Every structure is written in structure tokens, then in C-alpha cells.
Amino acid sequence: MTATTGRAGRREWIGLAVLLLPTLVLAMDMGVLFFAVPYISTTLAPSGTQQLWIMDMYSFLLAGLLITMGALGDRIGRRRLLMIGATGFIGASLLAAWSHDANQLIAARALLGTAGATVMPSTLALIRTMFHDPKQRQAALGAWGGVLTAGATLGPVAGGLLLDRFWWGSAFLPAVPVMALVLLTAPALLPEYRSTARTGRFDLLGAALSLAAILPLVYGIKTLAVDGWSPQPALALLAGLLLAAAFVWRQRTAAAPLLDLSLFRIRTFSGAISVNTIAMFAMMGFSLFTSQYLQLVKGMSPLTASLWSLVPSVGVGAAVGTSSALAGKVRPAVLMGGGFLIGAAGFAMMTQVGPHSPLALILTAAGVLAAGTVGTMTMTAEMVVSAAPVEQAGAASATSETAVELGSSLGIALLGAAGAAVYRHQLDGALPAGLQGEAARTAQDTLGGAVTVAAHLPGRLGTDLLETASTAFTDGLHVAAVVGMVFALGAALLAYRLMRHLPAAAPDETRAENEAAPEAVTV
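None of these values were measured; they are calculated from a predicted model. (Residues numbered from 1 in each chain as written. Predicted model: local features only at pLDDT ≥ 70, side-chain atom pairs only at ≥ 80, totals over all residues. Heavy atoms only, no water.)

## Focus: the overall build of the chain
Applied cut-off: Put simply, DSSP H or I for four residues or longer makes a helix, DSSP E for two residues or longer makes a strand, and each gets a number counted from the N terminus. With a 1.4 Å probe rolled over the protein chains alone, any residue whose accessible area is under 20% of its type maximum counts as buried; one over 50% counts as exposed, and the rest are partly exposed. Residue contacts are defined here by distance: any two heavy atoms, one from each residue, within 4.5 Å place the two residues in contact.
For the chain, the count of helices and strands is 20 helices and 2 strands. The 523 residues of the chain split such that 56% are buried. Here the contacts in the chain between residues at least 6 apart in sequence split such that 83% fall between residues at least 24 apart.

## What to know about the pattern of salt bridges
What counts here: In the sections that follow, a salt bridge refers to a side-chain nitrogen of Lys or Arg positioned within 4 Å of a carboxyl oxygen of Asp or Glu.
Under the defined criterion, the tally for this structure stands at 1 salt bridge. Measuring nitrogen to oxygen at the nearest pair gives 3.0 Å for the salt bridge that ties Asp464 to Arg460. Of this pair, Asp464 and Arg460 both sit in helix H19 (residues 459-499), separated by 4 residues, roughly a single helical turn.

## Observations regarding the environment of Ala246
Along the chain, Ala246 falls in helix H9 (residues 231-253). Its relative accessible area of 25% is what places Ala246 among the partly exposed residues. Sequence separation between Ala246 and Ser210 is 36 residues; the distance between their C-alpha atoms is 9.1 Å.

## Considerations on helix H13 (residues 332-350)
Counted only if it meets this: Here, expected helix span is obtained from the residue count minus one, scaled by 1.5 Å.
Between its terminal C-alpha atoms H13 stretches 27 Å, which fits the 27 Å expected from 19 residues at 1.5 Å a residue. When we look at burial in H13, the residues that qualify are Pro332, Ala333, Leu335, Met336, Gly337, Gly339, Phe340, Gly343, Ala344, Gly346, Phe347 and Met350.

## Some thoughts on the packing of helix H2 (residues 37-44) against helix H10 (residues 267-297)
Using the following cut-off: Lines are fitted to the C-alpha atoms to define the axes, a helix being fitted only along its stretch in contact, and any angle between axes, read from their N-to-C directions, falls within 0 to 180 degrees. These descriptions rest on fixed angle ranges, namely under 35 degrees for roughly parallel, over 145 for roughly antiparallel, 65 to 115 for roughly perpendicular, and the rest for oblique. Amino acid classes used here: Ala, Val, Leu, Ile, Met, Phe, Trp, Tyr, Cys and Pro are nonpolar; Asp, Glu, Lys and Arg are charged; the rest, including Gly, are polar.
It is the contact of H2 with H10, at a shortest axis distance of 10 Å, that shows an interaxial angle of 70°. In terms of their interaxial angle, H2 and H10 are classed as roughly perpendicular. Between H2 and H10, the contacting residues are Val37, Pro38 and Tyr39 on the first element and Leu288, Gln292, Gln295 and Leu296 on the second. In terms of residue class, the contact of H2 with H10 is made up of 5 nonpolar, 2 polar and no charged.

## Structural notes on a nonpolar patch on the surface
Threshold: Here the term patch refers to residues with relative accessible area over 30% and no salt bridge, with like charges joined within 9 Å and nonpolar side chains (Val, Leu, Ile, Met, Phe, Trp, Tyr) within 5 Å. Calculation of accessible area relied on Shrake-Rupley with a 1.4 Å probe; when residues are assessed, cover is drawn exclusively from the protein chains displayed.
Together, Leu94, Trp98, Phe166 and Trp167 make up an exposed nonpolar region whose accessible area comes to about 420 Å². You can see Trp98 is positioned in the loop between helix H4 (78-97) and helix H5 (102-130).

## Observations regarding the nonpolar core
Buried together is how nonpolar side chains tend to be arranged in soluble globular proteins. Defined as follows: Joining through side-chain atoms within 4.5 Å is the link that ties buried Ala, Val, Leu, Ile, Met, Phe, Trp, Tyr and Cys residues into a set, and such a set is a nonpolar core.
Leu33 and Phe89 are the most contacted members of the largest nonpolar core, which totals 67 residues. It is H5 that provides the largest number of residues to this core, a total of 14 residues. Among residues more than four places away in sequence, those in contact with Phe89 are Val25, Leu26, Asp29, Tyr58, Leu112, Ala115, Gly116, Ala175 and Met179. Grouped together as the second largest cluster of nonpolar side chains are 41 residues, Phe286, Ile362, Tyr423 and Ala472 included.

## Digging into the environment of Arg424
Mapped onto the elements, Arg424 comes out in helix H16 (residues 393-427). The partly exposed category is assigned to Arg424, whose relative accessible area is 26%. As a C-alpha pair, Arg424 and Asp445 span 21 residues in sequence and 6.4 Å in three-dimensional space.

## Some remarks on the packing of H13 against H19
Contact geometry of H13 with H19 gives a least axis separation of 8 Å together with a crossing angle of 170°. Considered as vectors, H13 and H19 are oriented roughly antiparallel to each other. Here Pro332, Ala333, Val334, Met336, Gly337, Phe340, Leu341, Gly343, Ala344, Phe347, Ala348 and Met350 of H13 lie close against H19, whose contacting residues are Leu477, His478, Ala481, Gly484, Met485, Ala488, Leu489, Ala491, Ala492, Ala495, Tyr496 and Met499.

## Brief notes about helix H14 (residues 359-377)
Side chains three or four residues apart in an α-helix point the same way, a direct result of the helix having 3.6 residues per turn. Between its first and last C-alpha, H14 extends 28 Å over 19 residues, near the 27 Å set by a 1.5 Å rise per residue. Most of H14 sits inside the fold, with 15 of its 19 residues counted as buried.

## Quick look at the packing of aromatic side chains
So the rule is basically this: Note on aromatic pairs: the rings of Phe, Tyr and Trp (six-membered ring only in Trp) are paired at centre separations within 6.5 Å, and the planes decide the class, stacked below 30 degrees, edge-to-face beyond 60, tilted for the rest.
According to the stated counting rule, one finds 5 aromatic pairs in the structure shown. Summarising the aromatic geometry, the rings of Tyr58 and Phe89 are spaced 6.5 Å apart at their centres and angled 80° between planes, so their arrangement reads as edge-to-face. Placement of the pair is Tyr58 in helix H3 (residues 48-76) and Phe89 in helix H4, with a sequence separation of 31 residues. The exposure class of Phe89 is buried, given its relative accessible area of 0%. Both rings, one in Phe289 and one in Phe473, keep their centres 6.0 Å apart while their planes meet at 45°; by these two values the pair is tilted. Linking Phe289 in helix H10 with Phe473 in helix H19, this pair joins segments that are 184 residues apart in sequence. The exposure class assigned to Phe289 is buried, which follows from its relative accessible area of 6%.

Keep in mind that these numbers describe shape and distance, not what the molecule does.
So this is what it looks like as C-alpha cells:
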């Protein structure tokens, strides 16, 4: 089969398996550090802001560079870009595994994000060009979405299993053999694809603006949330907004823009992007709270906590199956809106979790939350790639993945920052008498720091610190849950409004309306 005609054959289906390997790694890398946070806090002693950067730097650089790399892949070849990214991911994973301080780990996570941005657009875009039959493409995209969900679920588990036997850096090492296998098999199993329709010089200014807009925005949001008002983060936030506006202006006026903004005039495309962003915001934003609660409040080992974290996946599996079964009978607007309402119910349950609550409460709440949000995402990948013309598959894929990564990163950053701000406020003046100096500052910075300090305190003093810090942490969890619930309710209304024009099952002719073959070079 070529990339422009016919049904997929054996080579394409085996090639799909190759594309799913890096997809799995990238999804796992989002959560593989969740259970490593206490170990990193103990070993590298990051500040509260550094801890958030360790978690977020990978995702924000990945999001900031996806559009740039998607456009680059259209020019130099999507398979080539995938292989370059796989090579870089191996090197960055090794650097992260043996980091000696927090700043080095943040830098390694930045390199991982850069490498990941070269891999991710190629996976979805190559699926779009390898599978032109609507039914085959839907099956391929279903497998792709399933692997993303599995990776997000297995990432914390893999991290927990490794941390139970090895040092925290081992959480980065599973990516090395997987990416090596991609390098070995991609040349034989994946077709090369590069568009000859893309003319003009590469938009380097647009690439710089796409990245420059994200980092100051994130810095400003997180610093203001954690440390309170000060001029520097406020100016950074303003600069980020101005740079974002400059990026949009550049894409409207450039002769060869990175992103064709007319894609957003396709209502199905823009609606699916919006739904994906908010769903990932809700789901990933609360994963970090759940993992820290199991370890630091309930006192579980990483392995035990990671295994318990599999329990909510039962609800996710049921939601995905139910959503797929109903997709041909119920309109997407109803399914997506209903999914967000279920997610909002999960957030409401989270507001009842306390330091001494039964384990079943937080696991049930996490399951309900994840089931609702993941259920909304089962249809969006197919909507994105089918709504956009095939010659813009790279841009559409990169935009969709940017929304996913940005949504999950903003969830971790904003909900995490809200929780951290409440934690620090609640401990201000509430630390046990006798705890002073550096130990007091460490305990007030993060719950992981409080657990470390408590382990070195005598008798009742350590117990009192743990009780106070755990209560402050769950207070922060409650505030973050309320914020998440508001977003979920708003998303339910948004999903219904943006998707209400879609029927329960679009006929193949509708899905294939943009199937005109691109001007491309395919090997």
C-alpha cells in the first residue's frame, strides 16, 4: 500500500505496532515520576517550585515544541523525525537517571521533552497517512488511544516496581530498550512520508514564539500560586500572554506558517481539541495528588501504592467500553457532556477525603473521575484526524497532541500549585512548637519534606508534625478538587455546545470528505 490509496495490509499493521511503542513510552513518562517524588525530595532536596518543575518541565517543553516538530516532520520526513527523537530520548533518559541535583534533573527533563516532541507528532500523523480506509483508521486510532491510556496507567506502576528495588533514577531506564527497538525496526516497517506541498522557508520565528510563549506563562502561574504576589512572576505571566498573541499574529501573516489557523474553523476539530485539553487537565492534574496521598499520608511503599493505583483503571476500562458501545447510538455531545458530569462527581467525592479516610474513598473517587474524563476522549482522536484535510495531518496531529500535553501539564501545574499554596498557608504558624530553622522551612515547603523531617524527630514531635502536615495536604487537595469540579462542569457545557451538530455515527462518506491525496513523497 502507498500512503495515498488502498486498504492497509500486513506491513501497515505491523508498522502500527512499531508506532505504539514510543507512544507507550511517552505516555508512561508522564506518570513514571509520581511515586518517585518522595525519593527525589529526600535525595536531591528540591524546593517546592523545583519539585513542580521536575514534574512539569518534560510536559511543557513537549507541548511547546510539538507544533514546530510537526511542521519539521512534514519537511524532512516523519519517519526520520521519529528516529531522531528516539535517539535523543535514549540519551536524555540516561542523563536523567544519573542526575546529581535538582537543576540537573530539570535540565534532563527538558531534553526529554524536546526529544519527545520529535516523536509524538510522527506517530499520529503516520497513522493518518498509513490508514485511509475509515474503519481501519478508526481501529488503528483506537489502538493508539488505548496505548496512551495504558501508558498513563502503567507509568506509575512501572515506577513503583522499580523504586521498590532500585534507586529513583531507575524510573527513567525502561524507555531505553523500547526506543532502541524502535530504531531497529522503523526503517523496515514504517514508510517515509514528507510533503512537497510545504513551500517557503521554515518559520523559525514562529517556532521560537511557540516555545517562548509557554515557559513564562507556566513560570508566572506556578510562582504566583505557590509564593503569592510579586512583580517578577506577574511580569512573566504578562510576557507569556503577549508572546502567545505574537505567535498567533505570526501564524496569520507568515508565508509558510507552522500552523494553519483555518483548521480551527472546522468545528469538529476545534471542539475535539477543547474537549481533549480539559479532560487531560482534570485527569492528570489529580493523579499527582492521589499518588502522594497513598505514599505520604497512608504511608505505603511505592510498590504498594502503585498497585493500589491500578484499582481506578477498572472504572476507566468500563467507561471506554461503554463509550465505544454507545458511540453509534448516542450523539457525541451527550456522551462527552455526560462524561464530564461523571468526572465532576469524582471531584466532589475528593472533597470528602481526609487523612484518616478509608482507602476505598479516594480510590473510588479517582476511579469515577478518571472514568468520566477518559470516556470523553475515546472519540476525539478520530474526530481530529478525520476533520482535517489529509495534507494537514501533521499539523492537526501536532495541535491535538499539544492540547493533550498542555492540558495535562496545566492540570499538574495549576491544581498542584493550588494544593501547594493551601498546604503552605495552613502550616504557617501551625507547626509543632520546637520545630524551627531549616527543618521548619523544609516541612512547610512540601509534604515529602515534612515526612523526611518527621523521621528524624523524637517521639511525639514527629507524630504531631505528620498529623499537621497530612491535614494541611488534604486541605489543599480539597481546594484543588473544587477547582477541578468547576472546570469539569464548564467542560460539560462546552462539549455539548461544540459537538451538538454531530450525529450519533457519522457515515463513512462524511468522514472521507477530506480524503484528497496529498502531494507527497512516500517510500
